Amino acid sequence: VSNCTVANSTVQTDGLRSFYGGIVGRGTNTKITDCSVTGLTTVGTWKTGGIVGYLVGGEIDGVSVTNSTLRGGTGSEIGLIVGHAQHTVSVINAKASDCTAYCRDTDGNDEQIQNAIVGTAYSSNDNSTLTIGGNDTNITTDIIRYSSSSDSALVLDGGSYDIELEALAGTDIAYKET
């Protein structure tokens, strides 16, 4: 998928297991380049991203998300670029600005959550790599919730980051900066 622009879109779902992204809902071995999303509003989605909701292997390069509000249900995985990344995924030269993410709390109220470039990254197979980089990468606040097998890696390459890594249950985090 390349050279797409989505503007002023609203998506609302009551589905418990829905995937929504400004460009792609669920992709497998998908390459997304030079796409932009502005004025996106999501309500009630599970794996939600400004560009892609659920990416099982793939590459994202040269994308941007601006002036968007992403709202998910209780326990949603929300990322300004990718909601949920699985297996080997690269997010290169990604930008997000003036965006806000919310999850519903157990009482059904919206609770603002920390903006994340990738909501959750998970690897269920060995030797998977999540790469985030590129000199043009600029996300206001980066957080990655990461769960993987022992042979997987997180690579930060280029760009400027204020990264908080949150290991999911039973996960050791090993990363390298290049």
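These notes cover the structure that comes with them. (Residues numbered from 1 in each chain as written. Predicted model: local features only at pLDDT ≥ 70, side-chain atom pairs only at ≥ 80, totals over all residues. Heavy atoms only, no water.)

### A word on the overall build of the chain
- When helices and strands are counted, the chain shows zero helices and 14 strands.
- Counting from the amino terminus, helix and strand elements in the chain follow one another as β-β-β-β-β-β-β-β-β-β-β-β-β-β.
- Buried residues in the chain amount to 49% of all 178 residues.
- Contacts spanning at least 24 positions in sequence make up 72% of the contacts within the chain whose residues lie at least 6 apart.
- Total accessible area computed for the chain in this model is approximately 8,000 Å², and 39% of it derives from carbon and sulfur atoms. (Helix = DSSP H or I, 4+ residues; strand = E, 2+ residues; numbered from the N terminus. Buried < 20%, exposed > 50% of the residue type's maximum accessible area, 1.4 Å probe, protein only. Contact = heavy atoms within 4.5 Å. Areas by Shrake-Rupley, 256 points an atom, 1.4 Å probe, with all protein chains shown as cover.)

### Things to note about the packing of aromatic side chains
- Scanning the model with the defined rule gives two aromatic pairs in all.
- Aromatic side chains phenylalanine 19 and tyrosine 54 sit 5.0 Å apart centroid to centroid with 45 degrees between the ring planes, which places their arrangement in the tilted category. One end of the pair, phenylalanine 19, is in strand 2 (residues 19–21); the other, tyrosine 54, is in strand 5 (residues 52–79), and 35 residues separate them in sequence.
- On the basis of relative accessible area, phenylalanine 19 is assigned to the partly exposed category, the value being 29%. (Phe/Tyr/Trp six-rings, centres within 6.5 Å; stacked < 30°, edge-to-face > 60°.)

### A word on the environment of valine 52
- Summarising the element assignment, valine 52 is placed in strand 5.
- A C-alpha to C-alpha distance of 8.9 Å links valine 52 and isoleucine 32, two positions 20 residues apart in sequence.
- Discounting residues that sit within four places of it in the chain, valine 52 has contacts with Tyr20, Gly21, Val24, Gly25, Gly27, Ile32, Ile60, Ile81, Val82 and Gly83.

### Looking at unusual backbone geometry
- The phi dihedral of asparagine 29 falls on the positive side, at around 50 degrees, and the residue is not glycine.
- By the secondary structure assignment, asparagine 29 is in strand 3 (residues 24–33).
- Note on asparagine 29: relative accessible area 65%, which makes it exposed.

### Focus: the side chain of threonine 30
- Relative to the helices and strands, threonine 30 resides in strand 3.
- With sequence-adjacent residues up to four places away left out, threonine 30 is seen in contact with Leu55, Gly57, Gly58 and Glu59.

Coordinates in, geometry out; function isn't part of it.
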